[in-house]
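# Structural features, examined
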Amino acid sequence: MHHLISLFALLASGPAAAFCGTYVGSPGVELINQTSQVIISRQNNHTTLTLANDYQGPVSDFAMLIPVPEILGEDDVTVARPELFQRFDDYSAPRVVKYECEDFNYMDGDADADADADADADADADADSDPSVVVEAQYQVGIYDIVILSAEESGGLLYWLDDNGYGVSPAALGILEDYIDAGSYFFAARVNLDTVSEDASFLEPLQFEYDSAVFSLPIRLGTINSPGEQDVVMYILTDEDDGKVGIANYPQITVEDECMVDIYGSGGVDAYYAEQLASAWEKEDGAGWMVEYAWSPSSCDPCSTQPPNASEFEEAGFDGNPWGAYFTRIRMRYTAQAAEQDITLYTSGIIENEQIRYIDYNDLMEDKHPVCGLGMVDNPGSCNPDEYDEDDGEYELTDWLFGDGDQSDIDGDSARAGCSHVRQAADSLGFGLLLGLMGLSRRRRSAS
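Please read these numbers as outputs of a predicted model, since none were measured by experiment.

Criteria and thresholds
Residues numbered from 1 in each chain as written. Predicted model: local features only at pLDDT ≥ 70, side-chain atom pairs only at ≥ 80, totals over all residues. Heavy atoms only, no water. Helix = DSSP H or I, 4+ residues; strand = E, 2+ residues; numbered from the N terminus. Buried < 20%, exposed > 50% of the residue type's maximum accessible area, 1.4 Å probe, protein only. Areas by Shrake-Rupley, 256 points an atom, 1.4 Å probe, with all protein chains shown as cover. Pairing = 2+ DSSP bridges. Polar contact = N/O pair within 3.5 Å; in protein donor to acceptor, adjacent residues only side chain to side chain. Contact = heavy atoms within 4.5 Å. Disulfide = S-S within 2.5 Å. Salt bridge = Lys/Arg side-chain N within 4 Å of Asp/Glu carboxyl O. Phe/Tyr/Trp six-rings, centres within 6.5 Å; stacked < 30°, edge-to-face > 60°. Lys NZ or Arg CZ within 6 Å of the ring centre and 35° of its normal. Core = buried A, V, L, I, M, F, W, Y, C linked by side-chain atoms within 4.5 Å.

Further remarks concern the overall build of the chain. In terms of helices and strands, the chain carries eight helices and 21 strands. Taken over 448 residues, the chain has a buried fraction of 51%. With the model as given, the accessible surface of the chain reaches about 19300 Å², and the carbon-plus-sulfur share is 44%.

Most of strand β18 (residues 325-334) is tucked away, with 10 of its 10 residues classed as buried. Burial of β18 is two-sided: the residues Ala 325, Phe 327, Arg 329, Arg 331 and Arg 333 facing one way and the residues Tyr 326, Thr 328, Ile 330, Met 332 and Tyr 334 facing the other way are all buried. As defined by bridge partners, strand β17 (residues 287-295) adjoins β18 across eight bridges and the pair is classed as antiparallel. Looking at the pairing, Met 290 lines up with Arg 331 of β18.

In this section: the side chain of Thr 238. Here Thr 238 is to be found in strand β14 (residues 230-239). Owing to a relative accessible area of 0%, Thr 238 belongs among the buried residues under this scheme. Within the structure, the side chain of Thr 238 is placed 3.5 Å from the backbone oxygen of Gly 243, a separation counted as a polar contact. Apart from the residues within four sequence positions on either side, Thr 238 is in contact with Arg 42, Gly 243, Val 245, Phe 318, Gly 324, Ala 325, Tyr 326 and Thr 347.

On to the sheet that holds strand β4 (residues 46-51), then. With respect to topology, eight strands assemble into an open sheet ordered β6-β12-β4-β3-β14-β18-β17-β20, the strand pairing being mixed. Because the sheet does not close on itself, it has two edges, and the strands there are β6 (77-79) and β20 (354-355). Relative to β14, strand β3 (residues 35-43) runs parallel, the two being bridged by eight bridges. The residue bridging Gln 37 from the neighbouring strand is Val 233, located in β14.

Across the sheet, which stays open at both edges, the three strands sit in the order β13-β19-β15 with antiparallel pairing between neighbours. Looking at the sheet topology across the chains shown, the edges are occupied by β13 (216-217) and β15 (245-247). In this sheet, strand β19 (residues 343-347) lies alongside β15 in antiparallel orientation, the contact comprising three bridges. Note on β19: the bridge partner recorded for Ile 247 is Leu 345.

The tally for this structure, following the rule as stated, stands at three disulfides. There is a disulfide in this structure between Cys 101 and Cys 383, and the S-S distance comes to 1.9 Å. Residues Cys 101 and Cys 383 are joined by a disulfide whose S-S torsion is about -85 degrees; by sign, that bridge is left-handed. A relative accessible area of 23% places Cys 101 in the partly exposed class. Looking at Cys 383, the relative accessible area reads 22%, which means it is partly exposed.

All told, the structure shown has 13 salt bridges when counted by the stated rule. Among the ionic pairs, Glu 292 bridges to Arg 329, the shortest N-O distance being 2.7 Å. You can see Glu 292 sitting in strand β17 and its partner Arg 329 sitting in strand β18, a full 37 residues away along the chain. On the basis of relative accessible area, Arg 329 is assigned to the buried category, the value being 0%. The closest approach of N and O atoms between Glu 292 and Arg 331, which form a salt bridge, is 3.0 Å.

The next subject is the pairing of β14. A large share of β14 lies buried, amounting to nine of its 10 residues. Here β14 pairs with β18 via 10 bridges, running antiparallel. Across the sheet, Gln 230 pairs through a bridge with Tyr 334, a residue of β18.

This next bit is on unusual backbone geometry. Cis rather than trans, the peptide bond between Asp 301 and Pro 302 has omega equal to 0 degrees. Position of Pro 302 relative to the elements: it lies in the loop between β17 and α6 (310-315). One non-glycine residue, Asn 379, lies in the positive phi region at around 50 degrees. On the basis of relative accessible area, Asn 379 is assigned to the exposed category, the value being 63%.

Counted according to the given criterion, the structure contains 12 aromatic pairs. Note on Tyr 91 and Tyr 293: the rings are 5.1 Å apart at their centroids and 70 degrees apart in plane angle, and the pair reads as edge-to-face. A residue is classified by how much of its surface remains accessible, and Tyr 293, at 0% relative accessible area, is buried. Consider the rings of Tyr 293 and Phe 327, whose centres lie 6.3 Å apart with planes at 80 degrees: the pair is edge-to-face. Of the two residues, Tyr 293 sits in strand β17 while Phe 327 sits in strand β18, which places them 34 residues apart along the sequence. Since its relative accessible area comes to 0%, Phe 327 is described here as buried. Three or more aromatic residues joined by ring pairs form one cluster here, namely Phe 88, Tyr 91, Tyr 235, Tyr 293, Trp 295, Phe 313, Phe 318 and Phe 327. Lying across the ring of Trp 281, Arg 333 places its NZ or CZ 6.0 Å from the centre.

Counting residues in each nonpolar core, the largest one holds 48 residues, and the members touching the most others are Ile 146, Phe 187, Phe 208, Met 234, Met 332 and Leu 345. Apart from the residues within four sequence positions on either side, Met 234 is in contact with Val 38, Ile 40, Leu 217, Ile 247, Thr 328, Arg 329, Ile 330, Met 332, Ile 343 and Leu 345. Formed by 21 residues, the second largest nonpolar core is a distinct cluster that contains Ala 151, Leu 158, Phe 186 and Leu 221.

In short, the description is geometric, and any link to function would need to be established separately.
Rendered as structure tokens:
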């Protein structure tokens, strides 16, 4: 029997040289066991969703159910390369950097048992009745058999899904009813076993597009068999004038960053960032989101990898050149109890550079950067203490150091004279090795 699975219906178990300093790496996206990734391209009222399928198990047990606002035709659905998610993740992930003295130019100047029993009874009562489900469209895309369904009530929809080989928990009854009342259709997909072997190691990401005035992401169905906490990472592409994207109906959280930390001594960047995120999230009531990256893809500082190119944006459903786009990365964490609504997204019109960035601890940088958890320390270490201005509390940087990432007016020799090279980002599997080679030996000063 098939099981519904995904973010939406989880019912079963080339370096750039614009940055002075050294890019060290980024934490892996998998901070907990249940993390989904989705690429969203939104222009005017047109949305393209690309869903990463991280399902593990027999492909005969895979199926997906997603509420959609309209009947999707075969031309509206396709498959995408899984590498696209890796590219967007590498580009936008939180990052760790290193500074040395030569990088700077110094100057003078949950449902209960009774509810489950009621749902079981309702489903049984509907089993012998007309399911009132209409198959609005049916086709095959890639390895998937796809149907678009409409239904008059949730009991009938549960009956149809079960009768057609989709295993559905009766706990979904109330959530499905809410989607039906809202006028949703249902996109159902499962693997065509004639096109893929039973032990296939991965499934192609599914991509579909539709027009709707509502800018949202459905997550409620995916909470039915929640492991406790779930993360969804959204890579969102919009027109540049639309600016940074936010979530309107859940609280925003923030973590301390842009500060120095002994990453190696803190157990590595994965462990440190996971701890910061968990601490910030626990202050909310079971749900919260944060912006991990917001930037025009025409530049970056530091660049962890080359920004996504025009063909990759087109593959993600964006119509136009990346130079006219804006890229927002949002992470949201939630429990099943707290996820009472689907995610409502909005474009802010705010165009500003934002990223999660930590600085590998160096005591000679204490006069320039706060220490995570402590702030600016007394009697700080300095690369050039004789030129440190205690009134200003900092040195003057060169104009281009933290500018818009454009170093085109600086030739290679002069750039190398004051900046360490940016190293190509390693993939997530190699990041632990990078941290192990850092060999941090600087002492960490404490605040007085």
